[in-house]
Amino acid sequence: MKLHEYQSKTIFSKYGIPIPKGRVAATAHEARQIAEELGGRVVIKSQVLVGGRGKAGGVKLAKDPAEAEQFATQILGMEIKGLPVRKVLVDEASAIEQEIYFAITNDRAAKKPVMIASAAGGIDIEEVAAKTPEKIVKLHIDPLLGLREYQARDVAVAIDLPREQMKDFVKIAMGLWEVYKATDATLAEINPLVITKDKKLVALDGKMMIDDSALFRHPELNEMRDTDEDAPAEIEARKYGLSFIKLDGDIGCMVNGAGLAMTSMDVIKLFGGEPANFLDVGGGAPADKVAAAMRIILTDPNVKAVLFNIFGGITRCDEVARGILTAMDEVKPKVPMVVRLVGTNAEEGRKLLENANMITAETLADAAKKSVEAARQGK
Ligand code: GDP
Ligand code: MN
């Protein structure tokens, strides 16, 4: 789950990371009032869950409250990368001397959190990473020991941070590590972390991603969820407790068990097909869940065939088959369906589906081949 800039910065601030004074507004009038309260120049910032707002015209410096209102009107009427702007953050403007990139994220390959920093922060950080990767410094954090102050100092030295800012930088790094740990984040990013003209370090922007699997123990974070960014199918899937990820292929997949789902996708690819989604209906797979899964898969217009791969262990195949039939009644799919049922009550399950015009398969390879073929014919 992604958090908005204003939400991330509020959390940062609780952990001692300096942020600009400011508040969020839903109307241009409110934005003007906040600008009046703050006095002086302000920056009006679109709150949408995508990066690159600055380049898209979603971040603007206003010299007075009247201009703040005018920019807020503009920005609140914008769509950025397909997302409507519903709120703006009105922050006291900072006079910037240098923009630093600083983040903590998860390095899956190393199985450790990693600190990433660059003296060339700001809106072109992706270009810096692509063209001059030597300007990006990375340092792993031992998850058991946590971030050590000497490591934060090492990073500061590696990005040539002026000595004057060393102490503040170490405090911010330790604070961000605390944020990362306490919220079960997968990303806590400050870009830019600026050195102001009066030599202060301030987190001007903030971005956080929280591990969805840890949200159960952070109800206060879960409440911050903004579903604007999510594909409607993913919202629907969450409602039914289905693990669903939309992909770009044309073979819909409905599988019980995450490992089996991954394997099914691999085997589809092996036979030259492309999966349209990852979907784990989970154990049990009662009829209403199967029906919801089918609806979700079939709302994707790219789907030209659906592969059901069900292993009946705890889940009984006849129960799943009944679920499929109920769902077929309701959804009336127009694309071919390939089913492989194995395990508890597979025979009963297969019999139930025999009359339903479904293509049955004995092995996973067979099922994958048949669905690749069916998808090709459907094009
Ligand atoms: P992003 O484009 O979505 O990452 O949005 P940011 O919040 O990072 O803002 C983009 C850029 O706008 C920053 O890199 C700064 O150069 C500039 N900017 C943001 N806030 C201020 C500010 O208070 N003062 C000045 N001078 N520039 C700012
Ligand atoms: Mn930024």
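Look up a bit, the structure's there.
From a predicted model like this one, the values you see are computed outputs, not experimental measurements.

1. Description of helix α11 (residues 317-331)
Working step 1: Between its first and last C-alpha, α11 extends 20 Å over 15 residues, near the 21 Å set by a 1.5 Å rise per residue.
Working step 2: Along α11, the positions that sit buried rather than exposed are Cys317, Asp318, Val320, Ala321, Gly323, Ile324, Ala327 and Met328.
Working step 3: Of the surrounding elements, those touching the buried residues of α11 are α10 (287-298), β17 (305-312), β18 (337-343) and α12 (346-354).

2. Examining the environment of Gly273
Working step 1: By secondary structure assignment, the location of Gly273 is in the loop between α9 (258-270) and β16 (277-280).
Working step 2: As a C-alpha pair, Gly273 and Lys369 span 96 residues in sequence and 8.5 Å in three-dimensional space.
Working step 3: Excluding residues that lie within four positions of it along the chain, Gly273 makes contacts with Ile251, Ile268 and Val372.

3. Some remarks on the coordination of the manganese ion (ligand 2)
Working step 1: Donor atoms from the polypeptide that coordinate the manganese ion (ligand 2) comprise Asn191 (O) and Asp205 (OD), at 2.1 to 2.2 Å from the metal. Here Asn191, found in strand β11 (residues 185-196), pairs with Asp205, found in the loop between β12 (201-203) and β13 (207-210); they are 14 residues apart in sequence, far enough to count as distant. The same class applies to Asn191 and to Asp205, which are both buried.

4. Comments concerning the packing of α10 against α11
When two helices pack together, you describe them by how their axes are tilted relative to each other and by the distance separating the axes.
Working step 1: Their axes nearest at 8 Å, the elements α10 and α11 cross at an angle of 50°. Judged by the inter-axis angle, α10 sits oblique to α11. α10 and α11 meet at a crossing whose hand is right-handed. For the pair α10 and α11, contact is made by Ala287, Val290, Ala291, Met294, Arg295 and Leu298 and by Glu319, Val320, Gly323, Ile324, Thr326, Ala327, Met328, Glu330 and Val331, respectively.
Working step 2: Along the lines of polarity and charge, the residues of the contact of α10 with α11 split into 10 nonpolar, 2 polar and 3 charged.

Cut-offs and rules
Residues numbered from 1 in each chain as written. Chains lettered and ligands numbered in written order. Predicted model: local features only at pLDDT ≥ 70, side-chain atom pairs only at ≥ 80, totals over all residues. Heavy atoms only, no water. Helix = DSSP H or I, 4+ residues; strand = E, 2+ residues; numbered from the N terminus. Expected span 1.5 Å × (residues − 1). Buried < 20%, exposed > 50% of the residue type's maximum accessible area, 1.4 Å probe, protein only. Contact = heavy atoms within 4.5 Å. Donors = N, O, S within 2.8 Å, 3.2 Å for Na, K, Ca; no water. Axes fitted to C-alpha atoms, helices over the stretch in contact; angles between N-to-C directions. Parallel < 35°, antiparallel > 145°, perpendicular 65-115°, else oblique. Left-handed = near helix turned anticlockwise from the far one by under 90°. Nonpolar A, V, L, I, M, F, W, Y, C, P; charged D, E, K, R; others polar.

Scope: geometric values only; no functional claims are made or implied.
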